[in-house]
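Structural overview
The residues making up each chain are set out below.
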Amino acid sequence: MKKLKNSLALLLSSAALFFTACNPVITVTASGSDSADITFLGGFSKKGTEAFYELTSSLSDSPSSSAGTLFSAEDVQLFMTAAGVSSVTAAVSPAGIAQSKGTIPSISKNQLSKSGVLTRTAGSLKLTLGPEQILSIYESLNEESQGYLDLLLIPATTGDVLTQAEYKELLSGLYGPELADEILNGKMTVTLKSPDGKKSTEASITLGELFTLTAPKSWSVNW
């Protein structure tokens, strides 16, 4: 039971870190010939934190704290580093809001590029999100990490085609409606910027929409 609790904690903390109801913001700024700087701001809302603690308490014989934050600065650093980001700095406020920044030294060699999520040319930066990109990232993970992600039953990884309402019903049945709402209703905002910062493109998408996409969506900035 303790192992299951730890698995859920890792899954929901790392996956939902970027997709929560307090509207996380990710900014990618092109720099150099094939590099980019990335910054992140986000975290669980108070309601989501309480729902998370309630869930993990029900999965453990020992009581779970109802106070504190779900993430440490080290957790955020490890997550960013695993995504191929270097020179990572991170901080987490007492309210549980994480802030982090770092550099992708070579986009073309990064897993985000190999999976088709982030691509860079001499005069553009492009972000693509869809079933193929999600599945590609999933398949690149080790078996243990895939097992954690399997707990979310993401349609792109299971081969199912679900509407947002059907996916919400599925997660609500597993983790309760509060935590399902917290994750699926969170709006992720990504901003792409040119090297000089004069041109930018902003895109927003909920996790519920992202995980139930049946075709890719792309956004780009050109300079």
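What this report covers is the structure whose coordinates are included nearby.

Quick notes on the rules
Residues numbered from 1 in each chain as written. Predicted model: local features only at pLDDT ≥ 70, side-chain atom pairs only at ≥ 80, totals over all residues. Heavy atoms only, no water. Helix = DSSP H or I, 4+ residues; strand = E, 2+ residues; numbered from the N terminus. Buried < 20%, exposed > 50% of the residue type's maximum accessible area, 1.4 Å probe, protein only. Contact = heavy atoms within 4.5 Å. Areas by Shrake-Rupley, 256 points an atom, 1.4 Å probe, with all protein chains shown as cover. Axes fitted to C-alpha atoms, helices over the stretch in contact; angles between N-to-C directions. Parallel < 35°, antiparallel > 145°, perpendicular 65-115°, else oblique. Left-handed = near helix turned anticlockwise from the far one by under 90°. Nonpolar A, V, L, I, M, F, W, Y, C, P; charged D, E, K, R; others polar. Core = buried A, V, L, I, M, F, W, Y, C linked by side-chain atoms within 4.5 Å. Salt bridge = Lys/Arg side-chain N within 4 Å of Asp/Glu carboxyl O. Pairing = 2+ DSSP bridges.

What about the overall build of the protein?
On a plain count of helices and strands, the protein comes out with 10 helices and nine strands. For the protein, the residues scored as buried account for 44% of the 223 residues in total. The long-range share in the protein, meaning contacts at least 24 apart out of those at least 6 apart in sequence, stands at 56%. When the accessible surface of the protein is summed, it comes to about 11100 Å², and 53% of that surface belongs to carbon and sulfur atoms.

What about the packing of helix α8 (residues 164–175) against helix α9 (residues 177–184)?
It is at 7 Å that the axes of α8 and α9 come closest, and there the two elements cross at 135°. Relative to α9, α8 is oriented oblique. Two packed elements cross with a definite hand, and for α8 against α9 that hand is right-handed. Residues Y167, K168, L171, S172 and Y175 of α8 pack against P177, L179, A180, D181 and L184 of α9. Considering only residue class, the contact of α8 with α9 consists of seven nonpolar, one polar and two charged.

Quick look at the nonpolar core
Counting 42 residues, the largest nonpolar core has V28, L125, L129, I154, L210 and F211 as the members making the most contacts within it. Of the residues forming this core, the biggest block, four residues, is contributed by α9. In this structure, I154 is in contact with I134, L149, Y167 and F211, ignoring residues within four places of it in sequence.

Concerning the pattern of salt bridges
Working definition: two side chains of opposite charge can pair if their charged atoms are close together. Within this structure, the stated rule accounts for two salt bridges. A salt bridge links E209 to K217; its shortest N-O distance comes to 2.5 Å. Residue classification places E209 among the partly exposed residues on the basis of a relative accessible area of 21%. K217 sits in the partly exposed class, given a relative accessible area of 33%.

A word on the sheet that holds strand β3 (residues 86–92)
The six strands lie next to each other as β3-β4-β2-β1-β7-β8, forming an open sheet whose pairing is mixed. Two strands in the sheet have a free side with no partner beyond their single neighbour: β3 and β8 (200–206). On average, each strand axis in the sheet is tilted by 10° relative to the strand beside it, whichever way the strands run. Two strands pair when backbone bridges link them, and strand β1 (residues 25–31) and strand β7 (residues 187–193) are joined in this way by five bridges, in the parallel orientation. Looking across to β7, one finds that V25 is bridged to T189.

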